[in-house]
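An overview of the molecular structure
Residues per chain, in single letters:
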2 protein chains.
Amino acid sequence: MGLSGLTGRLIAVDWGTTSLRGALLDEAGRVLAEKSAPLGILNVPGGDFAGTFAAQFSEWMCDAGSLCLISGMAGSRQGWQEAPYAACPAGLDELTDHLHWIEPGRIALVPGLSVEQDGVPDVMRGEEVQIFGALRLTGIAGGLFVLPGTHNKWVTVRDGRVTGFRTYMTGEIYGLLSQNSILSRTMDTAAPLDEAAFRQGLQRATSGEALLHALFGVRALALFERLSPAASASYLSGLLIGEELRAQPLENGQGVVLIGAPALTTRYALALSSAGVKSKTLGAEATWAGLHALHSAIGAKT
Amino acid sequence: MGLSGLTGRLIAVDWGTTSLRGALLDEAGRVLAEKSAPLGILNVPGGDFAGTFAAQFSEWMCDAGSLCLISGMAGSRQGWQEAPYAACPAGLDELTDHLHWIEPGRIALVPGLSVEQDGVPDVMRGEEVQIFGALRLTGIAGGLFVLPGTHNKWVTVRDGRVTGFRTYMTGEIYGLLSQNSILSRTMDTAAPLDEAAFRQGLQRATSGEALLHALFGVRALALFERLSPAASASYLSGLLIGEELRAQPLENGQGVVLIGAPALTTRYALALSSAGVKSKTLGAEATWAGLHALHSAIGAKT
């Protein structure tokens, strides 16, 4: 890495739907300080993004030469300003080309990525930074990346560029079914993961039955007391994650990089392992590493 | 039909989750009077099923020889009394054998049906009566029957007996997604059916993409303004019904009997027709015909 590309300290910000997190990074990408607040884009007082940003980060921004890069939903239509998506295939270069500057040379919104597959678009916003961070942290240049969450992403990377991805509504649908549907009546979502029931759900997902039918099985099994309330939530989770896995062109012995919170990545690692697929897991550090990599890429261009 | 089997007038009752409907039928099955009240099993005052039943039907029950048959959720664990499921394969004989008498010879709950397929159970309660009614009304003894609703049923009948069925959570999931998910933000569910968008959804369902991914496409298409709020709801409906159809062993030229409310059966008829499958539609009359057929079967045994 050529140090010539680095222009100083980076204020790395991940501004999502429900929270605002920031880190002060030195030239080598080391975290000097971190902060977070429940000020996601839906909770910005009076919609005053500039004021909210200043209140949180003006102290860090005082230093001459400080640059701030913001990833996540802050760049969406409902956010601070809209940073149009960069189209795939896209690497760090395409991201730097599409930065949306709020204050030229000082504060920029990182664009999300879009892709068109079989005539239907797909989008991500924030995950792209985690992926480039994961590439930096693992030293690999390609492979399959999975980012579990409300809207899970399965992402293909080649030669350092995102070539395609698919979003799955798995997390949101799990939430709706376990809390608002008929299935919730016989389900204890607070129970810890029941690995046997989770695997039973995974296996059911490979039976070839349509998901819309397999889901009703959760209800029928509970009616006949063949699935306890505590086991039901894990079975449902296995059913949905299994359905997601079934759609992937996974090969035995393949490796996958998981990026996300441990509560979710653990389940995906389990599911992948039972399909003979190895996985490596990264957490929140991928975001800071990604924004740092982007910072370096900007420096290399200027 | 041997008149010897008929014992008099029938009070046919369909007691579901949200409503209580009844019909007074003569010996030939003709409807002499009908009534309905928003007294579904979840809205029975004080849980007093006997009192609620008496308040609605005691006048009709006064006649000597009157028999009352009640189908639907009144026979579930949350209902008046639990009428255990009859196992498939099951015809009218199995239903009469499993009637749950509340007052011997006077008031009976019709059992639902259960089936076990690939190690997972499935259940119905109320639809079985509609199917036997449809057999009577159409004069056929077998085929594929579809009962759209919150929990859609696809039912196989051979020689007058239900041999198997599958429940799909299509209706409930459509409701959750169109009202409570991220998709609801760009969806106008009050708009009338947009047939082109519905067909676009149907077609997308046959693309081989996993449903969990195809659903997010509704969001992405709306983001890029390629799907209007009015068209989104129809597209989603096509996507889900298409997914359900994809799971059926349908053959070109085959005929299917649809039973249900026109708002739903119309969509299924459209979807089936674009798959080259003909359909015939029946409505609420199937319930009364089914309870009348059951009445005749009881009479034939006594």
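Fair warning: this is a prediction, and the values are worked out from it, not measured in the lab. (Residues numbered from 1 in each chain as written. Chains lettered and ligands numbered in written order. Predicted model: local features only at pLDDT ≥ 70, side-chain atom pairs only at ≥ 80, totals over all residues.)

**Some thoughts on the domain arrangement of chain A**
Residue and element names in this part refer to chain A. Which entries qualify depends on this criterion: Domain start and stop positions are those given by an automatic or database domain assignment. This entry defines residue contacts through backbone-placed C-beta atoms, with two residues in contact when those atoms are within 7 Å. Every helix listed is a DSSP run of H or I at least four residues long, and every strand listed is a run of E at least two residues long, numbered separately from the N terminus. Under the grouping applied here, Gly and all other residues not named as nonpolar or charged are polar, the nonpolar ones being Ala, Val, Leu, Ile, Met, Phe, Trp, Tyr, Cys and Pro and the charged ones Asp, Glu, Lys and Arg.
Each domain of chain A was delimited in the assignment, giving domain 1 (3-138 + 285-301) and domain 2 (170-282). Placing a centre on the C-alpha atoms of domain 1 and another on those of domain 2 gives a separation of 32 Å. Taken together, the 6 residues of domain 1 in the interface contact 4 residues of domain 2. Those elements that place two or more of their residues in the side of domain 1 that touches domain 2 are helix H3 (127-138) and helix H9 (285-301). Here the element with the most residues in the side of domain 1 that touches domain 2 is H3; it accounts for 4 residues. Here the side of domain 1 that touches domain 2 is composed, by residue class, of 3 nonpolar, 2 polar and 1 charged.

**A short note on the sheet that holds strand S3 (residues 31-37) of chain B**
Across a sheet, strands are paired by hydrogen bonds formed along the backbone, either parallel or antiparallel in direction. Residues and elements named next belong to chain B. We count it as follows: The rule for pairing is simple: two strands pair if DSSP sees at least two bridges between them. Between N-to-C directions, angles cover 0 to 180 degrees, with each direction set by a line fitted to C-alpha atoms, over the stretch in contact for helices.
One open sheet holds the 6 strands; their spatial order is S3-S2-S1-S4-S7-S6, and the pairing between them is mixed. Every other strand in the sheet has two partners, leaving S3 and strand S6 (100-103) as the edge strands with one partner each. The average angle at which neighbouring strand axes cross in this sheet is 20 degrees, direction not considered. In this structure, S6 lies alongside strand S7 (residues 107-109), joined through 3 bridges in antiparallel fashion. What sits directly across from His100, in S7, is Leu109. Its contacts with the sheet place helix H1 (residues 49-61) against strand S1 (10-15), strand S2 (20-25), S3 and strand S4 (67-71), and it is angled at close to 5 degrees to S2.

**Considerations on the relation of the copies chain A and chain B**
Worth spelling out the cut-off: The superposition of copies rests on a least-squares fit of C-alpha positions from residues with pLDDT of 70 or more in both.
Once chain A is rotated about the relating axis by 180 degrees and shifted along it by 0.0 Å, it coincides with chain B to within an RMSD of 0.0 Å. In short, the pair behaves as if placed about a two-fold rotation axis. Closest approach to the rotation axis within chain A is made by the C-alpha atom of Leu176 of chain A, at a distance of 3.4 Å. Here 100% of the contact residues of chain A are again contact residues in chain B; the copies associate through an equivalent surface.

**Notes on the interface of chain A and chain B**
One frequent convention defines the size of an interface as the accessible area lost when the parts assemble. With 32 residues of chain A at the interface, the matching set in chain B holds 32 residues. Contributing elements (two or more residues each) for the side of chain A that touches chain B: strand S9 (120-124), strand S12 (161-168), helix H4 (170-180), helix H6 (211-223) and helix H7 (229-246) of chain A. Broken down by element, the residue count for the side of chain A that touches chain B peaks at 9 residues, all from H6 of chain A. The residue makeup of the side of chain A that touches chain B, split by class, is 18 nonpolar, 8 polar and 6 charged.

**Looking at the sheet that holds strand S8 (residues 113-117) of chain B**
Residues and elements named next belong to chain B. The strand order across the open sheet built from 3 strands is S5-S8-S9, with neighbouring strands paired in mixed fashion. The open sheet has two edge strands, strand S5 (86-87) and strand S9 (120-124), and neither has a second partner. Where S8 lies against S9, 5 bridges are found, and the strand directions are antiparallel. The residue of S9 that forms the bridge with Leu113 is Met124.

**Points about the nonpolar core**
Definition in use: Each nonpolar core comprises buried Ala, Val, Leu, Ile, Met, Phe, Trp, Tyr and Cys residues, the members being joined through C-beta atoms within 7 Å. In this scheme every C-beta is placed from the backbone, and a residue whose C-beta has 20 or more other C-beta atoms within 10 Å is buried, one with 12 or fewer is exposed, and one in between is partly exposed.
Grouped together as the largest cluster of nonpolar side chains are 193 residues, with contacts concentrated most on Leu69, Phe145 and Leu294 of chain A together with Leu69, Phe145 and Leu294 of chain B. Residues from two domains meet in this core; each of domain 1 (3-138 + 285-301) and domain 2 (170-282) of chain A gives at least three. In contact with Leu69 of chain B, other than residues within four places in its own chain, are Leu10, Ala12, Val13, Ala108, Val110, Leu291, Leu294 and His295 of chain B.

**Regarding the confidence of the model for chain A**
We count it as follows: For every residue, the pLDDT score states the predictor's confidence, bounded by 0 at the bottom and 100 at the top.
For chain A, per-residue confidence averages 94 on the pLDDT scale, and residues scoring 70 or more make up 97% of the total. Across residues 1-6 of chain A, confidence stays below pLDDT 50; counting only partners more than four residues off in sequence or on other chains, it has 8 contacts.

**Some points on unusual backbone geometry**
In the segment running from Cys88 of chain A into Pro89 of chain A, the intervening peptide bond is cis, with an omega of 0 degrees. Looking at where Pro89 of chain A falls in the secondary structure, it is placed in the loop between strand S5 (86-87) and helix H2 (92-97). Phi is positive for Asp118 of chain A, close to 55 degrees, though the residue is something other than glycine. Looking at the secondary structure, you find Asp118 of chain A in the loop between strand S8 (113-117) and S9. Notably, Asp159 of chain B is not glycine yet its phi reads approximately 50 degrees, a positive angle. Mapped onto the elements of the fold, Asp159 of chain B is located in the loop between strand S11 (152-158) and strand S12 (161-168).

**Looking at helix H8 (residues 262-274) of chain B**
Residue and element names in this part refer to chain B. Test applied: The length a helix should cover is 1.5 Å for every residue beyond the first.
Taking 1.5 Å per residue as the helical rise, H8 with its 13 residues ought to reach 18 Å, and the 18 Å between its terminal C-alpha atoms agrees with that figure. Along H8, the residues that are buried comprise Leu264, Thr265, Arg267, Tyr268, Ala269, Ala271 and Leu272. Buried residues along H8 sit in contact with strand S10 (143-147), helix H5 (195-205), helix H7 (229-246), strand S13 (255-259) and strand S14 (278-282). Immediately downstream of H8, the backbone of Gly276 shows phi near 80 degrees, a positive value.

**Observations concerning the environment of Arg204 of chain B**
Residues and elements named next belong to chain B. Structurally, the position occupied by Arg204 is in helix H5. For Arg204, a count of 21 C-beta atoms within 10 Å puts it in the buried group. Spatially, the C-alpha atoms of Arg204 and Val44 are 43 Å apart, while their sequence positions differ by 160 residues.

**So, the pairing of S10 of chain B**
Remark: a regular strand shows side chains that alternate across the two faces of the sheet. Residues and elements named next belong to chain B. Most of S10 sits inside the fold, with 4 of its 5 residues counted as buried. One ladder, built from 5 bridges, connects S10 with S11; its direction is antiparallel. Looking at the pairing, Leu144 lines up with Thr156 of S11. Counting the residues that bridge the hairpin from S10 to S11 gives 4 residues. Where S10 lies against S13, 3 bridges are found, and the strand directions are parallel. By the bridge assignment, Val146 is partnered in S13 with Leu258.

**Regarding the packing of helix H6 (residues 211-223) of chain B against H7 of chain B**
All names here are of chain B. Counted only if it meets this: Angular relationships are summarised with four words: roughly parallel below 35 degrees, roughly antiparallel beyond 145, roughly perpendicular across 65 to 115, and oblique for the angles in between. We call a crossing left-handed when the near helix sits turned anticlockwise from the far one by less than a right angle, and right-handed when that turn is clockwise.
Where H6 meets H7, the closest approach of the two axes is 11 Å, and the angle between their N-to-C directions is 165 degrees. As summarised for this structure, H6 and H7 are arranged roughly antiparallel, according to the angle between their axes. H6 and H7 meet at a crossing whose hand is right-handed. Each of Leu211, Ala214, Leu215, Val218 and Ala222 in H6 lies in contact with H7, whose residues at this interface are Ser232, Tyr235, Leu236, Leu239 and Glu243.

**Overview of the environment of Glu27 of chain A**
Residue and element names in this part refer to chain A. Note that Glu27 resides in the loop between strand S2 (20-25) and strand S3 (31-37). Classification of Glu27 by C-beta neighbours within 10 Å gives partly exposed; the count is 16. Each C-alpha atom of the pair Glu27 and Thr96 lies 18 Å from the other, and the pair is 69 residues apart in sequence.

**Here we look at the pairing of S8 of chain B**
Summarising the sheet, S5 of chain B and S8 of chain B pair through 2 bridges and their orientation is parallel. Bridging across to S8 of chain B, Ala86 of chain B finds its partner in Leu113 of chain B.

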